[in-house]
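Commentary on secondary and tertiary structure
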Amino acid sequence: DGGGMGLVISFYMLDIDARINGSEGGPSLPCDVTGGVSCSKAARSRHSAVLFGVKNAAFGCVLYGLVVVSVLVRVLTGMYWPVLLVVAASFGGVVASLYLLHLGLVVMRNVCPVCMAAHVVNFLLWGLALGWSERIRWEAMS
């Protein structure tokens, strides 16, 4: 499930942020490969909290949590609105990913491996959500 994977990645990024910003200098992390490929650099950046000072990964936890709950509601009730909510939430994730990719690659000149995993999940989740909604719509028309 894309939402579950997104939750794992977002919680991991929050953990990285806590370890990096919670101690002087912070520990060395496996995702810090070079000066230009580093999750620590992303976590220390002012761009790690783009909206209202809230960490981007915290927004990811909310987004992916919403997706997981919506999928469960759909499976348990058969209602269609949770599918639309997943499509809208995943589209929001894609928009956020495009902006954060710009910040990371162009502005900071950094590749954050954990962030990239979240971006991949966002794009895959959006594609899966669109396919899911279309399949349900076609089944309803049959």
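Scroll up to find the structure this text is about.
Since the model is a prediction, treat every value here as computed from it, not as a measurement.

Criteria and cut-off values
Residues numbered from 1 in each chain as written. Predicted model: local features only at pLDDT ≥ 70, side-chain atom pairs only at ≥ 80, totals over all residues. Heavy atoms only, no water. Helix = DSSP H or I, 4+ residues; strand = E, 2+ residues; numbered from the N terminus. Polar contact = N/O pair within 3.5 Å; in protein donor to acceptor, adjacent residues only side chain to side chain. Contact = heavy atoms within 4.5 Å. Core = buried A, V, L, I, M, F, W, Y, C linked by side-chain atoms within 4.5 Å. Buried < 20%, exposed > 50% of the residue type's maximum accessible area, 1.4 Å probe, protein only. Patch = residues over 30% accessible without salt bridge, like charges linked within 9 Å, V, L, I, M, F, W, Y side chains within 5 Å. Areas by Shrake-Rupley, 256 points an atom, 1.4 Å probe, with all protein chains shown as cover. Salt bridge = Lys/Arg side-chain N within 4 Å of Asp/Glu carboxyl O. Axes fitted to C-alpha atoms, helices over the stretch in contact; angles between N-to-C directions. Parallel < 35°, antiparallel > 145°, perpendicular 65-115°, else oblique. Left-handed = near helix turned anticlockwise from the far one by under 90°. Nonpolar A, V, L, I, M, F, W, Y, C, P; charged D, E, K, R; others polar. Phe/Tyr/Trp six-rings, centres within 6.5 Å; stacked < 30°, edge-to-face > 60°. Disulfide = S-S within 2.5 Å.

Structurally, Ser97 is set in helix α4 (residues 81-107). At 2.6 Å, the side chain of Ser97 and the side chain of Asn122 are in polar contact. With near-sequence residues (within four places) excluded, Ser97 lies in contact with His119, Asn122 and Phe123.

Within soluble globular proteins, side chains that are nonpolar generally end up buried alongside one another. In terms of nonpolar packing, the biggest core is built from 28 residues, with Met13, Ile16, Cys39, Tyr64 and Val114 touching the most fellow members. Ranked by residue count, the leading element in this core is helix α5 (residues 113-141), at seven residues. Apart from residues no more than four positions distant in its own chain, Cys39 is found in contact with Met13, Ile16, Leu29, Cys31, Asp32, Cys112, Pro113 and Val114.

So, on to a nonpolar patch on the surface. A contiguous nonpolar patch, built from Val50, Leu51, Phe52, Val54, Phe59 and Tyr99 and spanning about 580 Å² of accessible area, is present on the exposed surface. The class for Leu51 is partly exposed, based on a relative accessible area of 42%.

Glancing now at the packing of helix α3 (residues 56-77) against α5. Two numbers describe how α3 lies on α5: the axes approach to 13 Å, and their chain directions differ by 25°. In terms of orientation, α3 lies roughly parallel with respect to α5. In this structure, the crossing between α3 and α5 has a hand that is left-handed. Only Ala118, Val121, Asn122, Leu125, Trp132 and Ile136 of α5 make contact with α3, whose side of the interface consists of Leu63, Tyr64, Val67, Val71 and Arg74. Looking at the contact of α3 with α5 residue by residue, the class counts come to nine nonpolar, one polar and one charged.

Here we come to the packing of aromatic side chains. Each pair of aromatic rings is reported with the distance of its centres and the angle of its planes. Counted by the stated rule, this structure contains one aromatic pair. Taking the centre distance of 5.6 Å and the plane angle of 50° together, the rings of Phe91 and Trp126 count as tilted. Remark: Trp126 occurs in helix α5 and Phe91 occurs in helix α4; sequence separation between them is 35 residues. Judged by its relative accessible area of 27%, Trp126 falls in the partly exposed class.

Attention shifts here to the state of the cysteines. Across all of its chains, the model carries two disulfides by this definition. Each sulfur in the disulfide pair Cys112 and Cys115 lies 2.4 Å from the other. Where Cys112 bonds to Cys115 through sulfur, the torsion about that S-S bond is close to 70°, and the disulfide is right-handed. Assessed through its relative accessible area of 5%, Cys112 is described here as buried. Residue Cys115 is classed as partly exposed on the basis of its relative accessible area, which comes to 22%. What links to what in the chain: the bonded cysteines, counted in sequence order, pair as 1-2, 3-4.

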